[in-house]
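One letter stands for each residue in the lines below.
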Amino acid sequence: MFLVDSHCHLDFPTFADDLDDVVARARDAGVGTMVTICTHLSRFAQVREIADRFEGVRCSAGVHPHEADHEGPTATPERLITLAADPLVVGIGETGLDYYYEHSARDAQQASFRSHIQAARETGLPLIVHTRDADADTIAILTDEYRNGPFPGVIHCFSTSRYLAEKTLEIGLYISLSGIVTFKAAVDLQETVRALPLDRLLIETDAPYLAPVPHRGKRNEPAFVVHTGAAVAALKQVEVAELARATSDNFFNLFSKIPRPDIAGVAV
Ligand SMILES: [Zn+2]
Ligand SMILES: [Zn+2]
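Cut-off values and rules
- Residues numbered from 1 in each chain as written.
- Chains lettered and ligands numbered in written order.
- Predicted model: local features only at pLDDT ≥ 70, side-chain atom pairs only at ≥ 80, totals over all residues.
- Heavy atoms only, no water.
- Donors = N, O, S within 2.8 Å, 3.2 Å for Na, K, Ca; no water.
- Tetrahedral: all angles 85-135°; square planar, octahedral: opposite > 155°, others 65-115°.
- Helix = DSSP H or I, 4+ residues; strand = E, 2+ residues; numbered from the N terminus.
- Buried < 20%, exposed > 50% of the residue type's maximum accessible area, 1.4 Å probe, protein only.
- Disulfide = S-S within 2.5 Å.
- Expected span 1.5 Å × (residues − 1).
- Contact = heavy atoms within 4.5 Å.
- 1 Å grid on protein atoms, 1.4 Å probe; cavity = no way out; pocket = protein on both sides within 12 Å on 5 of 7 lines; lining within 4 Å.
- Points joined across faces, edges and corners; volume = space filled by probe spheres on them.
- Phe/Tyr/Trp six-rings, centres within 6.5 Å; stacked < 30°, edge-to-face > 60°.
- Lys NZ or Arg CZ within 6 Å of the ring centre and 35° of its normal.
- Nonpolar A, V, L, I, M, F, W, Y, C, P; charged D, E, K, R; others polar.

1. Overview of the coordination of the zinc ion (ligand 2)
- Only His7 (NE2), His9 (NE2), Glu94 (OE) and Asp206 (OD) from the protein coordinate the zinc ion (ligand 2), and they sit 2.0 to 2.6 Å from it.
- Around the zinc ion (ligand 2), the four donor atoms are arranged such that angles at the metal cover 85 to 173 degrees; this shape is classified as irregular.
- For the zinc ion (ligand 2), the single-chain donor residues occur in sequence as H-x1-H-x84-E-x111-D.
- The distance between the zinc ion (ligand 2) and the zinc ion (ligand 1) comes to 3.4 Å, with Glu94 serving as a donor to both metals. Placement of the pair is His7 in strand E1 (residues 3–8) and Asp206 in the loop between strand E8 (201–203) and helix H9 (225–236), with a sequence separation of 199 residues. The pair formed by His7 and Asp206 is uniform in burial state, with each residue classed as buried.

In structure tokens, the structure reads:
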């Protein structure tokens with residue numbers, strides 16, 4: 001079985017002492033590809049270094065909405081486009097809107113989001129979207145920008161409304177599910193997932209956050225995406241192997257800069 005962790009943060013300090021073991025455990029669990037996601041352009045060099053060090057690990061370039069006040073202005077479309085030319089950079093983000101924490105002003109988040117969208121449109125690399133308590137503005141910006149020309153992308157750590165799912169699927173984005181789907185209380189999300197098309201789903205850990213059951217509350221790591229895959233398979237009423245095959249296939253369709261591994265489980 002071949003699994004992908006489409007979104008993790010391997011540069012975070014919590015992994016500094018045992019990253020080799022973390023990546024080795026992921027491989028042992030069948031996780032052949034991981035994307036370590038950039039949150040600060042000021043730390044891009046460290047993120048890239050990890051992608052360079054480990055085979056099967058790639059990275060993104062972008063500024064998290066939490067950092068939009070301080071670092072948003074550094075994420076110009078030109079700078080992102082330049083970074084995207086690096087062979088190890090396979091996506092633009094993470095970007096988006098977070099009105100739950102609102103660590104940065106909303107207008108700064110929105111401006112940074114639009115810069116990332118422009119870079120995704122021009123490079124053809126997928127936009128990695130973070131959205132929390134901001135469905136209406138996320139949809140409005142995505143839809144508005146889409147009128148200026150299409151761009152590929154994914155709503156990462158999807159945990160919100162059916163309406164957001166429908167709207168984003170309409171403009172061709174994918175939806176990535178995290179360990180939240182394994183939480184007992186996530187009944188609404190589980191109901192939404194049942195209705196989502198299997199050919200538009202990805203899975204991720206968002207490690208070190210949001211460890212799935214049975215590791216809930218502990219540090220998350222890419223190997224644990226297995227549990228999220230099993231939970232999504234149960235919701236979709238398919239075998240785990242089928243879910244692994246579909247989500248890996250979707251991943252390589254979206255993250256098309258990564259050569260598709262030549263393994264039986266990922267045949268189109
Ligand atoms: Zn996020
Ligand atoms: Zn993230």
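Here the narrative resumes.
2. Here's the deal with the state of the cysteines
- What the rule picks out here adds up to zero disulfides.
- Cys38 carries a free sulfur, and the closest cysteine sulfur to it, the one in Cys59, is 7.5 Å from it.
- Assessed through its relative accessible area of 0%, Cys38 is described here as buried.
- No disulfide involves Cys157; its sulfur sits 13 Å from the nearest other cysteine sulfur, which is in Cys8.

3. Details of helix H5 (residues 106–123)
- In a regular helix each residue adds 1.5 Å, so 18 residues correspond to 26 Å; H5 covers 26 Å between its end C-alpha atoms and thus fits that length.
- Residues of H5 that are buried: Gln109, Ser112, Phe113, Ser115, His116, Ile117, Ala119 and Ala120.
- The secondary structure elements touched by the buried residues of H5 are strand E3 (57–61), helix H3 (68–71), helix H4 (77–84), strand E4 (89–98), strand E5 (127–132) and helix H6 (135–146).
- Following H5 by one or two positions, Gly124 adopts a phi angle in the positive range, close to 75 degrees.

4. Some thoughts on empty space enclosed by the protein
- All told, the structure shown has one cavity of 30 Å³ or more when counted by the stated rule.
- Considering the residues around the largest cavity, the lining is formed by Val4, Ser6, Leu202, Ile203, Thr247, Ser248 and Phe251.
- Secondary-structure elements contributing two or more residues to the lining of the largest cavity are E1, E8 and helix H10 (240–254).
- For the lining of the largest cavity, the element with the highest residue contribution is H10, accounting for three residues.

5. Remarks on the packing of aromatic side chains
- In this structure the tally under the stated criterion is six aromatic pairs.
- Between Phe12 and Tyr209, the ring centres sit 5.9 Å apart and the planes meet at 75 degrees, which makes this aromatic pair edge-to-face. Placement of Phe12 in the loop between E1 and helix H1 (19–28) and of Tyr209 in the loop between E8 and H9 is noted, with a sequence separation of 197 residues between them.
- For Tyr209, a relative accessible area of 45% translates into the label partly exposed.
- Pairwise contacts between aromatic rings join Phe2, Phe251, Phe252 and Phe255 into one cluster.
- The positively charged end of Arg106 is found above the aromatic ring belonging to Tyr99, 3.9 Å away from the centroid.
- Arg132 extends its terminal NZ or CZ atom over the ring of Tyr100, reaching a point 3.6 Å from the ring centre.

6. Details of the coordination of the zinc ion (ligand 1)
- Bound to the zinc ion (ligand 1) are the protein donor atoms Glu94 (OE), His130 (ND1) and His156 (NE2), situated 2.0 to 2.1 Å from the metal.
- Taken in chain order, the donor set of the zinc ion (ligand 1) reads E-x35-H-x25-H.
- The exposure class of His156 is buried, given its relative accessible area of 3%.

7. Considering the layout of surface pockets
- Counted as a void, the largest pocket has a volume near 660 Å³.
- Lining the largest pocket are 25 residues; nearest its centre among them are His130, Arg132, Cys157, Asp206 and Leu210.
- Sorting the residues of the lining of the largest pocket by element identifies E4 and E5 as the ones contributing at least two each.
- Examining the composition of the lining of the largest pocket, we find that three residues originate from one element, E5, more than from any other.
- A per-class count over the lining of the largest pocket returns eight nonpolar, 10 polar and seven charged.

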